[in-house]
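These are the residues of each chain, in order.
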Amino acid sequence: MSVLTNLIDGFATAMTVTNLAWMIAGAVLGTLIGILPGLGNPAATLAILLPLTLRLPPTTGLIMMAGIYHGAKFAGATTAILLNIPTETSSVVLCYDGHELAKQGRAGPAMGMSAISGFIASTVGIVALTFAAPLAAQLAVNFGPPEFAVLMFFGLLLVVTLAGKSPVKGLISMFLGLLVSTVGVDIFTGTERFTFGSVNLYDGIEFLILTLGLFAVGEVLVNLEKVRGKVEKLDAPKRLRDYLPNMEDFKQSRLAIAIGSVIGFFIGALPGGGSTMASFVSYAVVKNTSKHPERFGTGAIEGVAGPEAANNSEAGGAMIPLLSLGLPGSASTSVMLAALLLYGVQPGPLLFTNHPEIAWPVIASLYLGTIALLVLNLPLIPLWVQILRIPYWLLYPIILILAVVGAYSVRGSIFDVYLLMAFSVTGYLLRKLEVPATPMLMAFVLGPEAELTVRQSLMLSNNNPMIFLERPISATILITTVIVVVLSAWGRRRQRRRAASAALHTQFVATAVVDTVK
Amino acid sequence: MKTFLQRQRHAAALALLMLLSAGAITACTDNGGIDKNGKPGEVQFVVDTGPGGGSDVFARQIVKIALANKLIDGNWPVLSRSQGGGLAAMSFLKQKAPQPDYIAAFTSKWIISGLNTPSAEATVKDLTLIAQVAVEPQMVAVPANSPYKTMADFIADAKAKPGQLVQVGGAYSSVDNLAALKVQENTGTKWKYLSFADGGPRITALLRGDAQMMLGAQTDFSEEVAAGQLRIIGVMGKHRAPKFPDVPTFAEQGISEDGLPDVLQWRAIAGPANMPVAAVAYYRDVFSKMTQTQDWRTYMDEEGLVSEYVAGPALDQRVQSFTTSMTPMVRLLKSANK
């Protein structure tokens, strides 16, 4: 139970007035910087503010970084919901339902649910960290290439099932994403793929360039076609209570938050698992366990609550590889590790024994960060929602400028700006052809990991595919996947048959009625 | 018709705006002169990794130590050009030639990247080599429960099971794989190389038993070794590692390092080609003083680096001999791939 006492000590250290003030400052700064498309992802925001935080004493600096991290994460959800621009990989799923809700004038409840489910999930995450750490640490070590490969296979299957009305168009979009994800030097063989000899493409295409092009600029281009004044403006809520989720929303989201919290924690605990996979798997599971899966994609509040819960309890899980192995679980924890190095603290499995005065307050402040966010941002939601009221002649140029600046600032490369323009055209064409862009983005994120882990596994097994069944965790995931697929196919068929028989019945009744009339 | 025209004008205006903001970014390059002491204006420190990566942290540490010891009077911002393992950073410096206000933290990896990419826009030849400040000894780690007590044990087992044992590391063309291929050639053995993009999964692959060994720098393992999760079984190069005085070198274990350069990994500073002589002298002065500070020595010890200041012809020679011995190895790598 030493974890519990250490954690309590951590809270005691973190909760000094100075530390709390810096954390709040961090959360505000993180939200403000994160709201700009392009600068938006938490890792980039942390990197931008790194020189500032390094001027503070280590504990305070790291606590401020925890605030920034949460602020940026919330901002990522905000841009996805309000503007349909996912600035970080873990908020891509929010475009399915979050932005749909915004279109229905329910942006406020969507954002409120994102903050509240995030808070609940963080609580679950921190409690789980206290009690389930040994279990999750074991899982983290045992999760190797074959296990990741089947998890990615599961993920790609989900991309197809979430594609929407036309599976063919979903598949087209997914394969486009996989194709784009292969660009760059293959680390497994050192071969250049689709780089055309340009050093700018050596490390592949940045996620942000793709998402800004496909979503932000693509959307602007499509709307430009509509005659001015006729672009349907999103409704901003009028009454104050419309800004927050109501009891009905909570009732619908209860289960989703629970599922998301648990999934997020365990996936977060895998080194390299990350919040993207967490939010994505959570969305799919919430959808598949729902009584009304057909509501998803049309503005279901659970579709926001589930992934956002996972996205936040992941932070608790991500602390486990850090705690037990000294390994960062995500890009953001990497930046925090870098800060540790600059403070002269060597992160590693001994971090928590050698520097408990730094490690535990940071974990505590990661939790306090979600509270700060809740307290600060719930009242500010009405303000953020006003973004929807900005007239298009002003909003579109702002989005374009931010997109260009954002694309440039990722790697400081003007080439990326041209790439952004190319993807903007792609986004425009996809919209015109009614091909959904989300599968492309998801496949782009999952593709490289899927490819690499399959190759790693086959290398380990000397090209014997049985490795996926021989290892217990991967076999379990694989079998679960097959069961889910079979069940959902069966369910769909039954539904269709029932619909068909209902139709038949109506037809029969109709003919009978016609007959009697005759 | 009017609406169509309007629409067109609208779209054109926005396209123009995008191009203008793109143009504004490219125009943001400044020309830094040097004063009579060769001191440049605003110095920017180019690195080949993103925030938190090896060279990024290294550059920030240098700036921190130099500032603390009053060797420089203002912060040097770190600029990331991460594509292609140094290739983007080198072509960036090439474009900046001969400006004195850009320097870069470069490693031996940059030479390998150049050798791997015949079409590279810029290579180490396009740089002004300022000084090497540290070398990074390479060592072999195995899981704590591994049957291998020495590197010789591992080699013996690799002989018994050709092509079965697994070494874990970074990209296929990285220095650790190149060095391992040479050792395999020298000892008549063969084993597999498992690539991971990030450091974390490499360590877990060892702990899980998917891989049997890893070749890396002391910082890659030191914390895990201290925690009793990993063990060091051999050190490359001429000297034992100060932190692991009981671990014998490859040569002591009878493992040939023929054909490998004396130093596999180093950390050095370079600038754009044709940098003014006065500026080079200024930087050398700063870095040679920095390597003598107590802060620097502490940092070197913590990171398992060996402080070694080399500049001028000696540095040119080191780079030259590294290139000469690596060229056939890169060829070996390409043939192993086929």
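**Student:** I tried to follow the overall build of chain B on my own but got confused; where do I start?
**Tutor:** When you go through chain B residue by residue, the secondary structure sums to eleven helices and eleven strands. Partitioning the intrachain contacts of chain B with sequence separation of at least 6 by distance along the chain shows that 78% fall at a separation of at least 24.

**Student:** Can you walk me through the overall build of chain A in this structure?
**Tutor:** On a plain count of helices and strands, chain A comes out with 20 helices and two strands. Across the 518 residues of chain A, 56% fall into the buried class. Counting contacts in chain A only where the partners sit at least 6 residues apart, residues at least 24 apart contribute 80% of the total.

**Student:** Looking at this structure, I do not really get the confidence of the model for chain A. What am I missing?
**Tutor:** Overall, the prediction assigns chain A a mean pLDDT of 79, with 85% of residues at 70 or greater. Element-level pLDDT for chain A is lowest in helix H13 (residues 331–342) of chain A, with a mean of 69, against a maximum mean of 92 in helix H17 (residues 414–432) of chain A.

**Student:** I would appreciate a short explanation of the packing of helix H4 (residues 58–83) of chain A against helix H5 (residues 94–103) of chain A in the present structure.
**Tutor:** Helices that pack against each other are described as a pair by the angle of their axes relative to one another and the distance between those axes. Residues and elements named next belong to chain A. Between H4 and H5, the least distance of the axes is 6 Å, while the angle of their chain directions is 60°. On the basis of the axis angle, H4 is oblique to H5. Judged by the sense of rotation from one axis to the other, the crossing of H4 with H5 is right-handed. In contact with Ala 77, Ala 80, Ile 81 and Leu 82 of H4, H5 contributes Leu 94, Cys 95, Gly 98, His 99 and Ala 102. A breakdown of the residues in the contact of H4 with H5 according to their chemical character gives seven nonpolar, two polar and no charged.

**Student:** Help me understand the domain arrangement of chain B, please; the structure alone is not making it clear to me.
**Tutor:** Often the size quoted for an interface is simply the accessible area lost on bringing the parts together. Residues and elements named next belong to chain B. Along its sequence, chain B is organised into domain 1 (44–135 + 265–337) and domain 2 (138–253). Distance between the C-alpha centres of domain 1 and domain 2: 26 Å. Taken residue by residue, the interface counts 13 residues in domain 1 and 13 residues in domain 2. When contributions to the side of domain 1 that touches domain 2 are tallied by element, the ones reaching two or more residues are helix H4 (109–116) and helix H11 (313–337).

**Student:** Looking at this structure, I do not really get the environment of Pro 51 of chain A. What am I missing?
**Tutor:** Among the secondary structure elements, Pro 51 of chain A is positioned in helix H3 (residues 42–53). Residues Pro 51 of chain A and Ala 339 of chain A lie 288 residues apart in sequence; the distance between their C-alpha atoms is 9.5 Å.

**Student:** Mind showing me how you'd approach the sheet that holds strand S7 (residues 192–195) of chain B here?
**Tutor:** Where strands meet in a sheet, backbone hydrogen bonds hold them as pairs that are either parallel or antiparallel. Residue and element names in this part refer to chain B. Across the sheet, which stays open at both edges, the five strands sit in the order S7-S6-S8-S5-S9 with mixed pairing between neighbours. On the outer flanks of this sheet lie S7 and strand S9 (230–235), each paired with one strand and no other. Direction aside, neighbouring strands of the sheet carry axes that sit 35° apart on average. In the packing of helix H7 (residues 199–208) onto the sheet, the strands contacted are strand S5 (138–143), strand S6 (166–169), S7, strand S8 (213–217) and S9, and the crossing angle to S6 comes to about 155°. Packing of helix H8 (residues 218–226) onto the sheet brings it into contact with S5, S8 and S9, and relative to S9 it is tilted by some 140°.

**Student:** Got a minute to help me understand the packing of helix H9 (residues 207–225) of chain A against helix H16 (residues 392–411) of chain A in this structure?
**Tutor:** All names here are of chain A. With their axes 10 Å apart at the nearest point, H9 and H16 run at an angle of 170° to one another. Relative to H16, the element H9 is oriented roughly antiparallel. Each of Leu 208, Ile 209, Leu 212, Ala 216, Val 217 and Val 220 in H9 lies in contact with H16, whose residues at this interface are Tyr 396, Ile 399, Leu 400, Ala 403, Gly 406, Ala 407 and Val 410. Residue classes in the contact of H9 with H16 are distributed as twelve nonpolar, one polar and no charged.

What counts, and where the lines are drawn
- Residues numbered from 1 in each chain as written.
- Chains lettered and ligands numbered in written order.
- Predicted model: local features only at pLDDT ≥ 70, side-chain atom pairs only at ≥ 80, totals over all residues.
- Helix = DSSP H or I, 4+ residues; strand = E, 2+ residues; numbered from the N terminus.
- Contact = placed C-beta atoms within 7 Å.
- Buried ≥ 20, exposed ≤ 12 C-beta atoms within 10 Å, placed from the backbone.
- pLDDT = per-residue confidence, 0-100.
- Axes fitted to C-alpha atoms, helices over the stretch in contact; angles between N-to-C directions.
- Parallel < 35°, antiparallel > 145°, perpendicular 65-115°, else oblique.
- Left-handed = near helix turned anticlockwise from the far one by under 90°.
- Nonpolar A, V, L, I, M, F, W, Y, C, P; charged D, E, K, R; others polar.
- Domains from an automatic or database assignment.
- Pairing = 2+ DSSP bridges.

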